[in-house]
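# Coordinates in review
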Amino acid sequence: MIQIETLPWASEAKCLQADPDTFFPEKGGSTREAKRICAECPVRSECLEHALEQDEKFGIWGGLSERERRKLKRLAS
């Protein structure tokens with residue numbers, strides 16, 4: 001498992017200043033706060049690209065949930 005802090009763009013990620021649990025809510029939990037933080041993040045696109053490349057199964061990455069990322073991948077193929 002890769003540590004986000006080791007990615008070249010990660011030092012600018014807004015999520016590093018937030019509670020990690022915000023980005024990995026319990027099933028059925030709210031993703032609103034994580035998505036709000038992502039919306040203000042200067043490396044949102046890099047984060048989303050990473051999640052798509054690594055096929056991240058859990059959490060909010062680049063402002064999208066796992067379900068939203070799956071849909072995006074389907075639409076792109």
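Below or above, wherever it landed, is the structure these notes cover. (Residues numbered from 1 in each chain as written. Predicted model: local features only at pLDDT ≥ 70, side-chain atom pairs only at ≥ 80, totals over all residues. Heavy atoms only, no water.)

When its secondary structure is counted, the chain shows three helices and zero strands. Relative to a compact globule of 77 residues, whose C-alpha radius of gyration would be 11 Å, the chain shows 12 Å and is just as compact. By its C-alpha atoms, the chain is 30 × 30 × 25 Å across when sized along the principal axes. Taken over 77 residues, the chain has a buried fraction of 32%. Taking contacts inside the chain between residues at least 6 apart in sequence as the whole, the part at least 24 apart equals 39%. A total accessible area of about 5600 Å² is found for the chain, and carbon and sulfur atoms account for 51% of it. (Helix = DSSP H or I, 4+ residues; strand = E, 2+ residues; numbered from the N terminus. Rg over C-alpha atoms; globule rule 2.2 N^0.38 Å. Buried < 20%, exposed > 50% of the residue type's maximum accessible area, 1.4 Å probe, protein only. Contact = heavy atoms within 4.5 Å. Areas by Shrake-Rupley, 256 points an atom, 1.4 Å probe, with all protein chains shown as cover.)

Phi angles above zero are rare outside glycine, and Asp55 is one such case at about 55 degrees. Examined against the element boundaries, Asp55 turns out to sit in the loop between helix 2 (44-54) and helix 3 (66-76).

Scanning all chains against the criterion turns up zero disulfides. As a non-bridged cysteine, Cys47 has Cys15 as the owner of its nearest cysteine sulfur, 6.0 Å distant. (Disulfide = S-S within 2.5 Å.)

Turning our eyes to something else, we now look at the packing of helix 2 against helix 3. Relative placement of two packed helices is described by the angle separating their axes and the distance separating the axes. Look at helix 2 against helix 3: their axes get within 11 Å of each other, and the N-to-C directions meet at 75 degrees. Taken as axis vectors, helix 2 and helix 3 run roughly perpendicular relative to one another. Where helix 2 approaches helix 3, its residues Leu48, Ala51 and Leu52 are matched on the opposing element by Arg69, Leu72 and Lys73. (Axes fitted to C-alpha atoms, helices over the stretch in contact; angles between N-to-C directions. Parallel < 35°, antiparallel > 145°, perpendicular 65-115°, else oblique.)

Looking now at the environment of Glu68. You can see Glu68 is positioned in helix 3. Ignoring sequence-local partners within four residues, the contact set of Glu68 consists of Lys35 and Gly63. A polar contact is formed between the side chain of Glu68 and the backbone nitrogen of Ser65, at a distance of 2.6 Å. (Polar contact = N/O pair within 3.5 Å; in protein donor to acceptor, adjacent residues only side chain to side chain.)

Here we take up the pattern of salt bridges. Any two side chains of opposite charge can pair, given that their charged atoms come close. Applying the stated criterion across every chain, the model contains six salt bridges. A salt bridge links Arg36 to Glu40, with the nearest nitrogen and oxygen atoms 3.3 Å apart. The class for Glu40 is partly exposed, based on a relative accessible area of 48%. A salt bridge links Lys57 to Asp55; the nearest nitrogen and oxygen atoms lie 2.8 Å apart. Judged by relative accessible area, which is 36%, Asp55 ranks as partly exposed. Where salt bridges share partners, they join Glu33, Arg36 and Glu40 into one cluster. (Salt bridge = Lys/Arg side-chain N within 4 Å of Asp/Glu carboxyl O.)

Just geometry here; none of it tells us what the structure is for.
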